[in-house]
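Spelled out from the first residue to the last, the chains are:
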Amino acid sequence: LPYFESYSNSLATLGTTENFINSKFLVKYHWFAYAWVGSLGNSLNLDPLIVLTRILPLVTFCMASTISYAWAKDYSKKFLTPIIAALIVVIGPGLSIGSYVMLRSPSQAIAGCWCLAFSLLFLRVIDGRITGITPYFVLALLAAGVVGGKGSNLAVIGVGVLSILLQSLRQIQTSKLRIYIS
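Conventions adopted
Starting afresh in each chain, residues are numbered from 1 along the sequence in its written order. Confidence filtering applies because this is a predicted model: local features only for residues at pLDDT of at least 70, side-chain atom pairs given and counted only at 80 or more, and all residues used for totals across whole chains, interfaces and linings. Values reported for side chains reflect all heavy atoms of the structure, with hydrogen atoms and water molecules removed beforehand. Pairing of aromatic rings covers Phe, Tyr and the six-membered ring of Trp, with a centre-to-centre limit of 6.5 Å; geometry is then stacked below 30 degrees between planes, edge-to-face above 60, and tilted otherwise. Comment: elements are numbered from the N terminus, with helices defined as DSSP H or I runs of at least four residues and strands as E runs of at least two. Remark: exposure states derive from per-residue accessible area (1.4 Å probe, protein chains only) relative to the maximum for the residue type, with buried under 20%, exposed over 50%, and partly exposed in between. Throughout this description, the term nonpolar core refers to a set of buried Ala, Val, Leu, Ile, Met, Phe, Trp, Tyr and Cys residues connected via side-chain atoms within 4.5 Å. Contacts are residue-level and defined by heavy atoms, with any inter-residue pair within 4.5 Å sufficient. For this text, the term disulfide refers to a pair of cysteine sulfurs within 2.5 Å. Expected helix span is taken as 1.5 Å per residue step, with the number of steps being one fewer than the number of residues. As used here, the arc is the angular range of directions from the helix axis to the C-beta atoms. Here the bend at a residue means the angle between the axes of two seven-residue stretches, the one that ends at it and the one that starts at it. Without a salt bridge and with relative accessible area above 30%, a residue can belong to a patch; like charges are then joined within 9 Å and nonpolar side chains (Val, Leu, Ile, Met, Phe, Trp, Tyr) within 5 Å. Using a 1.4 Å probe, accessible areas were evaluated by the Shrake-Rupley method; residue-level cover was limited to the displayed protein chains. For this document, the term salt bridge refers to a Lys or Arg side-chain nitrogen within 4 Å of an Asp or Glu carboxyl oxygen.

K.L.:
Go over the packing of aromatic side chains, please, and point to the residues and values.
P.N.:
Going through the model one piece at a time under the given rule, you end up with one aromatic pair. When the ring of Phe118 is compared with that of Phe122, the centres are 5.6 Å apart and the planes differ by 10 degrees; the resulting orientation is stacked. Remark: Phe122 and Phe118 occur in helix α6 (residues 106-127); sequence separation between them is four residues, near one turn of the helix. We classify Phe118 as buried; its relative accessible area is 8%.

In structure tokens form, the structure reads like this:
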């Protein structure tokens, strides 16, 4: 945790060009969560440890539970399914090793929530439930947040978008073939 505190303070104070830990160490990836922690701590005059151990877990649990509720509500007609999905997200990590993830990697906790939001919106756009240009702008912002939150999530988003695009191309070609045959 001292590393995360120092990292958060240096990002909030010095930005990404310098660092309290090592002046030659430049922040290149997964720094959004730590910058948020440092900025929130500075603006509310709170110790970064308080933000890291109390506010960040609360925010990520709220994000994850509301997103999982919305996701379950989209794909289930049962009344209790979204409630159970949200409860699993809130209670589940306390019952397993997952409860330590947020203290071990705040960037993974925040980026995981942004990744859930990205995938929920992405699936809603694909289903055609959301139209217009605004969802694509929000998807771009969420993608930047996910990758800036944790660099390894680029592979998750990249493979997901690529597979959807390939499936879309396949469906277009199948439709053209059906039109040509008939």
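Structure shown, so let's carry the discussion forward.
K.L.:
Outline the nonpolar core, listing residues and values.
P.N.:
Core analysis: the biggest nonpolar cluster contains 14 residues, and Phe118, Leu121, Leu139, Leu142 and Ile157 have the highest contact counts within it. For this core, the secondary structure elements donating two or more residues are α3 (48-75), α6 and α7 (134-149). Counting residues per element, this core draws most heavily on α6, at seven residues. Setting aside its immediate chain neighbours within four residues, Phe118 contacts Leu139, Leu142, Ala143, Ile157 and Val161. Counting seven residues, the second largest nonpolar core, distinct from the first, contains Ala33, Val37, Leu40 and Leu56.

K.L.:
So, the state of the cysteines: which residues are in play, and what are the values?
P.N.:
Summed over the entire model, instances satisfying the criterion amount to zero disulfides. The closest cysteine sulfur to the non-disulfide-bonded Cys115 is located on Cys113, 10.0 Å from its own sulfur. The exposure class assigned to Cys115 is buried, which follows from its relative accessible area of 17%.

K.L.:
Report on helix α4 (residues 80-91), specifying residues and quantitative values.
P.N.:
If you check α4, its first and last C-alpha atoms are 16 Å apart, about what 12 residues at 1.5 Å a residue would give, namely 16 Å. Within the span of α4, buried status applies to Pro82, Ala85 and Ala86. Seen along its axis, α4 keeps its buried residues to an arc of 95 degrees; they face one direction. Turning to α4, the residues buried within the fold contact α3.

K.L.:
Outline α3, listing residues and values.
P.N.:
Taking 1.5 Å per residue, 28 residues should reach 40 Å; α3 reaches 39 Å between its end C-alpha atoms and fits that length. Within α3, the axis deviates most sharply at Ile55, by approximately 35 degrees, and proline Pro57 lies no more than four positions further along.

K.L.:
Before we move on, could you go through a nonpolar patch on the surface and cite the residues and values that matter?
P.N.:
The grouping of Tyr69, Phe79, Leu80, Ile83, Ile84, Leu87, Ile88, Val90 and Ile91 at the surface amounts to a nonpolar patch, some 850 Å² of accessible area in total. With seven residues, the single largest contributor to the nonpolar patch is α4. The exposure class assigned to Ile84 is partly exposed, which follows from its relative accessible area of 44%.

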